[in-house]
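An overview of the molecular structure
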Amino acid sequence: MGAMSDVQKSDARQSFLDLLHAQRVWDIDLPAFAPDAAPAAPLPLFHTWFAEAVAAGQTEPHTMSLATVDAEGRPDVRTVMLHDADERGWHFATHRTSAKGHQLTAHPHAALGFYWPAQGRQVRVRGPVTACSPAESRADLRARSTGALASALVGRQSEVLGSYDDLNRASDLAWERARAEPDAEVVSWTRYVVEPRAVEFFQGDAERRHVRLRYVRRENAWDRELLWP
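All values reported here derive from a predicted model rather than from experimental measurement. (Residues numbered from 1 in each chain as written. Predicted model: local features only at pLDDT ≥ 70, side-chain atom pairs only at ≥ 80, totals over all residues. Heavy atoms only, no water.)

**Some thoughts on empty space enclosed by the protein**
Gaps between atoms show up when a probe of the same size as a water molecule is rolled over them. In plain terms, the rule: Note on definitions: the grid is 1 Å and covers protein atoms alone; a cavity is a set of points where a 1.4 Å probe fits but cannot get out; a pocket is an open set with protein on both sides within 12 Å along at least five of seven lines; lining residues have an atom within 4 Å of a point. Grid points are joined across faces, edges and corners, and a volume is the space filled by probe spheres set on the points. Secondary structure counts use DSSP, requiring at least four H or I residues in a row for a helix and at least two E residues in a row for a strand, with both numbered from the N terminus. Any residue outside Ala, Val, Leu, Ile, Met, Phe, Trp, Tyr, Cys, Pro, Asp, Glu, Lys and Arg is labelled polar, Gly included; the first ten of those are nonpolar and the last four are charged.
Counting across every chain of the model gives 1 cavity of 30 Å³ or more. There is about 40 Å³ of room inside the largest cavity. Lining the largest cavity are Ser-137, Arg-138, Leu-141, Arg-142, Ala-184, Glu-185, Val-186 and Trp-189. Among the elements that make up the lining of the largest cavity, the one with the highest residue count is helix α4 (residues 134-142) (4 residues). Across the lining of the largest cavity, the residue classes break down as 4 nonpolar, 1 polar and 3 charged.

**Re the pairing of strand β8 (residues 198-203)**
On a regular strand, each side chain points to the face opposite its neighbour's, so the side chains alternate between the two faces of the sheet. Selection rule: Partly exposed residues are those whose accessible area sits between 20% and 50% of the maximum for their type, while under 20% is buried and over 50% is exposed, using a 1.4 Å probe and protein chains only. Pairing between two strands requires that DSSP report at least two bridges joining them.
The buried count for β8 comes to 6 of 6 residues, which makes it a mostly enclosed element. Neither face of β8 is exposed, since Ala-198, Glu-200 and Phe-202 on one face and Val-199, Phe-201 and Gln-203 on the opposite face are all buried. Here strand β6 (residues 121-131) pairs with β8 via 6 bridges, running antiparallel. Opposite Arg-124, over in β8, you have Glu-200 as the bridge partner. With 6 bridges joining them, β8 and strand β9 (residues 211-218) adopt antiparallel strand pairing. By the bridge assignment for β9, Gln-203 is matched with Val-211.

This is a description of form; function is not addressed.
This is the structure we're talking about:
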C-alpha cells in the first residue's frame, strides 16, 4: 500500500473527528451526591460507591489506572486490578521486576484513578506506596486463579518479546506448572499498598455542575474540601 495523499489524510482525520464528536457522555440519570452527608473518612465512601457501581452494572469496576514516574520523572500509566481497599490503603500487585515495579522502587509514590461511567463517577487516590511482606505477597498470588498464577510464572513482564511463538511456549509451560503446583512461588510477585494522602470523589452532573469532594490527610485526621469542577 502506498503512502496516503494529503486529501486522503484530510478525509481520514475528518472521519475520526466526526466519530469522536458524535460520542456522548452520561446519557443516563445520574445519582445525586450530597457531600455534606459524606463520612468523615474516604474509605467507607469508596466501599459504598464501589458497591453501587457493581449494582449499576458497571463493567470491571475493580480495574483502575495506576500512574507512576520513570527514572527521568516522566509519567507512566496503565490499568491494573484492585486487590483490596482497607485501612492501610488501596492494594494491587505486580512483579517488582516489571517496569512499574522498578519505578515504584525508585519513586515510591503513585496515583490511582477509577472511572465508573455507569454512574458518572470517578475516584482519585494519591500517596506513597509500600511493598507488602513476602508472606502477604505469596498469599495474594495463591488467592488468585490458575490463569493468574500461570501468567505470573511466565514473568518477564515489560521485557521485549522476540516473537509470539516464544510467548506461546513459555505460557504452555507455565500453565502446566500452575495446574500441577497451585502453590508454586513467584519470588518477584509483590503486593503493594497506596497509602492515601488525598482521595477525591467526583460525581458528574448533566448540567456540568459536577460535585468534587476531596479528602486530605493531615496528621491523624482527614480534612474535607469541595473543589470547583
